[in-house]
Amino acid sequence: MSLNINKSYKAILDGARQGRFVTYGDVAAASNVEWRFARRPLPLQLDQLVQISHDRGWPLISAIVVNKSNLDTGKLEGESLAGFTTAVRKLGIPVNNPETFLREQQQAVFEWAKTAPDDLGIETDADEDDPGGPRFVRYFGPVLSALQSLGGKASPEQVFAWIKDILDVPDEDITGATKGGQSKFENKVGWARYYLSRAGLIDGSKRGIWALTAEGQVTTLTNAQALDVFKDVRKQFNTTGQESEDEAAPDTFGGHELFSDPERQFWFVGASWGGTDDQTARFYGEGIWQNGFHNKFTEEIQRMKPGDKIAIKASFVRKHNLPFDNRGQPVSCMRIKAIGTITENLGDGKTVKVDWEVLDPPRDWYFYTYRVTLVEADPNDEMARRLIAFAFAGARQDYDFWIKQPYFAKKYSPAQETHSLDDLFEDDALETEEEAASPSYTVDNIISDGCFLTREEIDRILARVESKRNLVLQGPPGTGKTWLAKRLAYALLGSKDPKVTRDRLRVMQFHPSLSYEDFIRGWRPSGDGQLALIDGVFLEIVEAAKAEPDRPFVLVIEEINRGNPAQIFGEVLTLLEDTKRNREEAMELAYRRAPGERVYVPRNLYVIGTMNIADRSLALVDLALRRRFAFISLEPQLNGLWREWCTGKCSLAPDVVSLIEQRMNALNEEIGQDRGLGQQYRIGHSYVTPAAALAGDARQWFVDVVRSEIVPLLEEYWFDAPEKVAATRQKLLEGL
């Protein structure tokens, strides 16, 4: 049931020497494999022949293999042409016109065949009837072939029937029974499925359904290869390999028994206090886990209960010697050092007793990692579910699945290129577990940066955005809305370090021409001159937040009412609501990558907008947007904190500060009482707050600000009353 690459080569070569094209069926028949079994593995083998041809300097011999209906013309269409072109481009060969390139390769193959070697010369494993090892190993390949033919997933009964229909199953297996009364045949197939699950080829996480992983969908196994898989699994998981075929095969490997109890929780915890004091050995010896923080995670620890699963992990960054191609980019790694079951919660908000199982050697998990000291993994989330199965059921990580996730695909796909000097000189620039545990940017930093709100007011705003998830800072011009929005983001992230903010903070501005297609997803020109479905800023940060669920992400939207929010957000406006931030509330988008694709907004994504309420050109904010955002109004802050900043940080003389304060307050009082303007048109403190100590005369600096910034704004306000502008200007500059 396996394709032999030497026989495939011979079939293609014979056709080329006769000057004719070869069908896919001809290639399968050369290995005595029925087309229904060859349909899935054959494209992979043809890609392999493309690689071999390129490596040996030959024309690409797979070019002359075509569908039966195109045998006379040699034309490739649809998926066939796309598959061939993709295989070629992976080799770095440019293909501008696929049809022209194909025709050139076909002519070159016919010419090359005249002097081509008769044999490919590749050694292949003998596909013996008895590969050795337990007898159930011979069912590895058929189980994969059955699931591939049945669409990638099927019930056990469907797999049993398919194999019996195709293979000459020994009568003793059909009629014989294990000591538990199960058919020997079905039990052997069950054991095959168990090992294929451990090898990462079958996803066994759903009861009653056997499903192929992405790797399993493109894998075929000879009996000899199946034996290698069996040996690799035994070595990786330290099993004895002495399973008796009379013993019932495990019902599952993928971990559905872990999820059978809806009340069970899954915890991933650190064991280093302060980033350096490793408590791991003590935890093992005493059969406990303890929190090393005095004022963090108390609520989560109180929720831990007997029966919950717990794993000790350590997070770090790796760049070399990885089990997959990381394109030279740093990859976040989480090492699972021990797993266990919680047996008792001592109720002190700090300690739980644990029945530990030390993993020796520990197992490394990549991409989707937790860097916070204590994280509860959500078993309802597919990504977290895979991690749970890996940690607590020994499942193998499917690297192909993770590399194809949008967030990781952009980092590690073959098309990834260096776009900036920051990328070029990046050196493992990822936040460490120690950095995540100790925020370097807090409310204290916001105050020291020059915020003129009180600590209580800042705490209140932060608490509001943390509970509502969406916040808009509104107020007159110059009240520091954008400035504060970014610093609130830094405080949520716990850092101002570019290596943290680069991936976890996005800042953009709405404007009248911005559309749903720009912000969410739409068709746009791609690098090859074709239209492609491209994710906008919002979906990019959504995918990033889903990929790192234990860390906060922030999107800052300046001038959120300058565009049309209802049109720009579209159906995502519903998903922003804090009560709908979960997978169960996922919705289909207007532009879908695949039928049934659904999107949700994770809870670790915060959206902070700014809004100028003094601009007449802007429409009223959509009521649906107002319901999903909390609104905080900022006022001009010409207060004591502002005076301290100006006299202390900026070295302005107290009399100059008092003069500026007096005249700006008088101006704002006049604007606020103007029936045509109102409070929202007052002028904020940012206009008269130096960013640093002034080198020149402070009075002249204020004169320049009035002439070049404040007066032009007043001319907009009182465009029909120039005499009023002139009078106000004179009041501001009197005596200066």
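Draft legend 1. Up close: the overall build of the chain. Secondary structure summary: the chain contains 31 helices and 20 strands in total. Expressed as a percentage of the 736 residues in the chain, the buried residues total 52%. A separation of at least 24 residues holds for 71% of the contacts in the chain among residues at least 6 apart in sequence.

Draft legend 2. Unusual backbone geometry, seen in detail. Cis geometry marks the peptide bond from D360 to P361, where omega comes out at 5°. Here P361 is to be found in strand β12 (residues 351–366). The phi angle at E559 is positive, at roughly 50°, despite the residue not being glycine. Within the element layout of this structure, E559 appears in the loop between β18 (553–558) and α25 (565–569). Positioned with a positive phi, S651 is a non-glycine residue whose angle comes to about 60°. Of note, S651 is situated in the loop between α28 (640–649) and α29 (654–673). A relative accessible area of 54% places S651 in the exposed class.

Draft legend 3. Fine view of the pattern of salt bridges. One pass over the full model with this rule turns up 36 salt bridges. Notably, a salt bridge pairs D364 with R335, separated by 2.7 Å at the nearest N-O pair. Of the two residues, D364 sits in strand β12 while R335 sits in strand β11 (residues 331–345), which places them 29 residues apart along the sequence. Taking relative accessible area as the criterion, R335 reaches 29% and is therefore assigned partly exposed. In this structure, E577 engages K580 in a salt bridge whose closest nitrogen and oxygen atoms are separated by 3.7 Å. For E577, a relative accessible area of 11% translates into the label buried. One network of salt bridges, with partners in common, ties together R521, D535, R593 and E597.

Draft legend 4. Up close: the environment of L576. Here L576 lies in the loop between α26 (572–575) and β19 (605–612). In this structure, the C-alpha to C-alpha distance between L576 and V607, residues 31 residues apart in sequence, is 8.7 Å. When residues no more than four places from it in sequence are discounted, the contact partners of L576 are N470, F538, F569, R581, V607 and F629.

Draft legend 5. Up close: the packing of aromatic side chains. In the structure shown here, the tally under the stated rule is 43 aromatic pairs. Where F136 meets F230, the ring centres are 6.0 Å apart and the plane angle is 75°; that geometry is what we call edge-to-face. With a gap of 94 residues between them, F136 in the loop between α6 (98–112) and α7 (140–149) and F230 in helix α11 (residues 223–237) connect regions that are remote in the sequence. Of the residues examined, F230 reaches a relative accessible area of 2% and is grouped as buried. Ring plane angle 70° and centroid distance 5.5 Å describe the contact between F268 and Y370, whose orientation is recorded as edge-to-face. One end of the pair, F268, is in strand β6 (residues 266–269); the other, Y370, is in the loop between β12 and β13 (374–377), with 102 residues separating them in the sequence. A relative accessible area of 1% places Y370 in the buried class. A cation sits over an aromatic face here: K296 above F293, 4.9 Å from the ring centre. We note R504 situated over the ring of F553; from NZ or CZ to the ring centre the distance is 5.9 Å.

Draft legend 6. Representation of α29 in the model. Taking 1.5 Å of rise per residue, 20 residues should cover 28 Å, and α29 covers 29 Å from first to last C-alpha, within 8% of that figure. If you check which residues of α29 are buried, you get V656, V657, L659, I660, E661, R663, M664, L667, N668, I671 and G672. Looking at the buried positions of α29, the neighbouring elements they touch are α28, α30 (698–717) and α31 (722–733).

Draft legend 7. Representation of the packing of α29 against α30. The geometry of α29 relative to α30 is characterised by a closest axis approach of 12 Å and an angle of 10° between their N-to-C directions. The orientation of α29 with respect to α30, classified from their angle, is roughly parallel. On the side of α29, the interface is formed by D655, V656, L659, I660, M664, L667 and I671, while α30 contributes A698, R699, W701, F702, I710, L714 and Y717. When the residues that make up the contact of α29 with α30 are grouped by side-chain class, the tally is 12 nonpolar, no polar and 2 charged.

Draft legend 8. Looking closely at the sheet that holds strand β5 (residues 210–212). A sheet is described by the order of its strands in space; here 3 strands give the open sequence β3-β5-β4, paired in antiparallel fashion. Two strands lie at the open edges of the sheet, namely β3 (153–154) and β4 (202–203), each paired on one side alone. As judged from the 2 bridges shared by β3 and β5, these two strands associate in the antiparallel manner. When the bridges of β5 are listed, A154 appears paired with W210.

Draft legend 9. A look at the confidence of the model for the chain. Across the chain, the average pLDDT comes to 86, with 90% of residues at or above 70. Considering only residues more than four positions removed or in separate chains, one finds that residues 424–428, a stretch of pLDDT under 50, has 7 contacts.

Draft legend 10. Geometry of the nonpolar core. Counting residues in each nonpolar core, the largest one holds 85 residues, and the members touching the most others are F268, W289, F519, F538 and F569. Counting 41 residues, the second largest nonpolar core, distinct from the first, contains Y9, F84, F101 and L120.

Draft legend 11. Molecular detail of the pairing of β11. Across the 15 residues of β11, 11 count as buried, placing the element largely inside the fold. In this sheet, β11 lies alongside strand β10 (residues 309–318) in antiparallel orientation, the contact comprising 10 bridges. Across the sheet, residue F316 finds its bridge partner in β11, namely C333. In sequence, β11 turns back onto β12 through a hairpin of 5 residues, with G347 there showing a positive phi of about 75°.

How each quantity is defined
Residues numbered from 1 in each chain as written. Predicted model: local features only at pLDDT ≥ 70, side-chain atom pairs only at ≥ 80, totals over all residues. Heavy atoms only, no water. Helix = DSSP H or I, 4+ residues; strand = E, 2+ residues; numbered from the N terminus. Buried < 20%, exposed > 50% of the residue type's maximum accessible area, 1.4 Å probe, protein only. Contact = heavy atoms within 4.5 Å. Salt bridge = Lys/Arg side-chain N within 4 Å of Asp/Glu carboxyl O. Phe/Tyr/Trp six-rings, centres within 6.5 Å; stacked < 30°, edge-to-face > 60°. Lys NZ or Arg CZ within 6 Å of the ring centre and 35° of its normal. Expected span 1.5 Å × (residues − 1). Axes fitted to C-alpha atoms, helices over the stretch in contact; angles between N-to-C directions. Parallel < 35°, antiparallel > 145°, perpendicular 65-115°, else oblique. Nonpolar A, V, L, I, M, F, W, Y, C, P; charged D, E, K, R; others polar. Pairing = 2+ DSSP bridges. pLDDT = per-residue confidence, 0-100. Core = buried A, V, L, I, M, F, W, Y, C linked by side-chain atoms within 4.5 Å.

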